[in-house]
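Coordinate analysis (summary)
Spelled out, the chains give:
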Amino acid sequence: MSKLYPWAEAASAYQIDYQKEYDNGVRGVLFDVDNTLVRHGEPATKQAKELFEHLRSIGLKTCIISNNKEPRVSPFAKEVGSDYIYKAGKPSVRGYEDAMKRIHTTPDTTIFIGDQIFTDIYGANRAGIRTYLVQPIHPKEEIQIVLKRYIEHIVLFFYHRRNKR
C-alpha cells in the first residue's frame, strides 16, 4: 500500500517551495495538468505561465505528463513553455521514464506533482520519483474520477494515520 502514499502533500502545485527542491538537488519537475495546474480542460492560466517561468528562472526543467490526447496537452505545454508526454498511460512507469529522458533527469533528481493517487502518485512512486499529492483545483470531475476519490479517502486515512506515529 505504501506505493499509493505520496512523499508529501501540498494544498496546491503553486504552494510548493521549488527553490528548496532545487537546493536539495532536484533538477526536473513532472506535472499532471487537469485539476493539478488548471481546472479540467482549461487552457494555461496566467498563474500557470508564471509558475513555469519561475521554475525556468531557478534552473528547473519541466515536463507535463498526461493521459490526455495531444490536442489537450500540446497547446497547454506550448503556452507554459514545457516539454510534454501525452497518452502517457499512467500509472505505467513508461510515461514517467520517457519524461525524465526528455528533460535529462533521473528519479533522484526529479519530483512529480499530481492530484490523483491511483494514476499520478502510484505511477511516479513505481518509477522511483518523489511525489507531491496536491488538492484538486476544482471539485467538478468526470464520474470515474469521482468514484476513485472515495477510495482515495481510505488510502489517505491510513497514510495520515501512519504519519502521525
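Refer to the structure printed above.
What you are looking at is a predicted structure, and each value in this text was computed from that prediction instead of being measured.

Remarks on the packing of aromatic side chains
Overall, the coordinates contain five aromatic pairs when judged by the stated rule. Ring geometry for phenylalanine 31 versus phenylalanine 52: centroids 5.1 Å apart, planes at 50°, classification tilted. With a gap of 21 residues between them, phenylalanine 31 in strand β2 (residues 28–31) and phenylalanine 52 in helix α2 (residues 46–57) connect regions that are remote in the sequence. Comparing phenylalanine 31 with phenylalanine 52 shows no difference in burial state: the two are buried. Ring centres of tyrosine 84 and tyrosine 86 lie 6.3 Å apart, and the angle between their planes is 35°; on these two criteria the pair is classed as tilted. By way of ring pairs, the aromatic residues Tyr18, Phe31 and Phe52 are connected into one cluster. Over the aromatic face of tyrosine 22 sits the side chain of arginine 27, whose NZ or CZ is 3.8 Å from the ring centroid. Looking at arginine 130, its charged tip hangs above the ring of tryptophan 7, at a distance of 4.2 Å from the centre.

Considerations on a nonpolar patch on the surface
On the surface, Met1, Ile154, Phe157 and Phe158 cluster together into a nonpolar patch covering about 410 Å² of accessible area. In this fold, methionine 1 is placed in the segment before β1 (8–10). The exposure class assigned to methionine 1 is exposed, which follows from its relative accessible area of 52%.

Things to note about the pairing of strand β3 (residues 61–65)
Among the five residues that make up β3, four are buried, leaving the element largely enclosed by the rest of the structure. Here β2 runs beside β3; their pairing, made up of four bridges, is parallel. Within β3, the residue paired with glycine 28 across the bridge is lysine 61. A crossover connection joins β2 to the parallel β3 through α2; in handedness this β-α-β unit is right-handed. As paired strands, β3 and strand β4 (residues 83–85) are joined by three bridges and run parallel to one another. Counterpart to cysteine 63 in the pairing with β4 is aspartate 83.

Describing the nonpolar core
Counting residues in hydrophobic clusters, the biggest one holds 29 residues, and the most contacted among them are Tyr18, Phe31, Leu37, Ile64, Phe76 and Ile113. If you list the elements that add at least two residues to this core, you get β1, β2, α2, α3 (70–80), β5 (110–114) and β6 (130–134). Those residues in contact with phenylalanine 31 that sit more than four places away from it in its chain are Ala13, Tyr18, Leu37, Leu51, Phe52, Leu55, Thr62, Cys63, Ile64, Ile65, Phe112 and Ile113.

Here is what the cut-offs are and how they apply
Residues numbered from 1 in each chain as written. Predicted model: local features only at pLDDT ≥ 70, side-chain atom pairs only at ≥ 80, totals over all residues. Heavy atoms only, no water. Phe/Tyr/Trp six-rings, centres within 6.5 Å; stacked < 30°, edge-to-face > 60°. Helix = DSSP H or I, 4+ residues; strand = E, 2+ residues; numbered from the N terminus. Buried < 20%, exposed > 50% of the residue type's maximum accessible area, 1.4 Å probe, protein only. Lys NZ or Arg CZ within 6 Å of the ring centre and 35° of its normal. Patch = residues over 30% accessible without salt bridge, like charges linked within 9 Å, V, L, I, M, F, W, Y side chains within 5 Å. Areas by Shrake-Rupley, 256 points an atom, 1.4 Å probe, with all protein chains shown as cover. Salt bridge = Lys/Arg side-chain N within 4 Å of Asp/Glu carboxyl O. Pairing = 2+ DSSP bridges. Right-handed = clockwise from strand over helix to strand, strands pointing away. Core = buried A, V, L, I, M, F, W, Y, C linked by side-chain atoms within 4.5 Å. Contact = heavy atoms within 4.5 Å.

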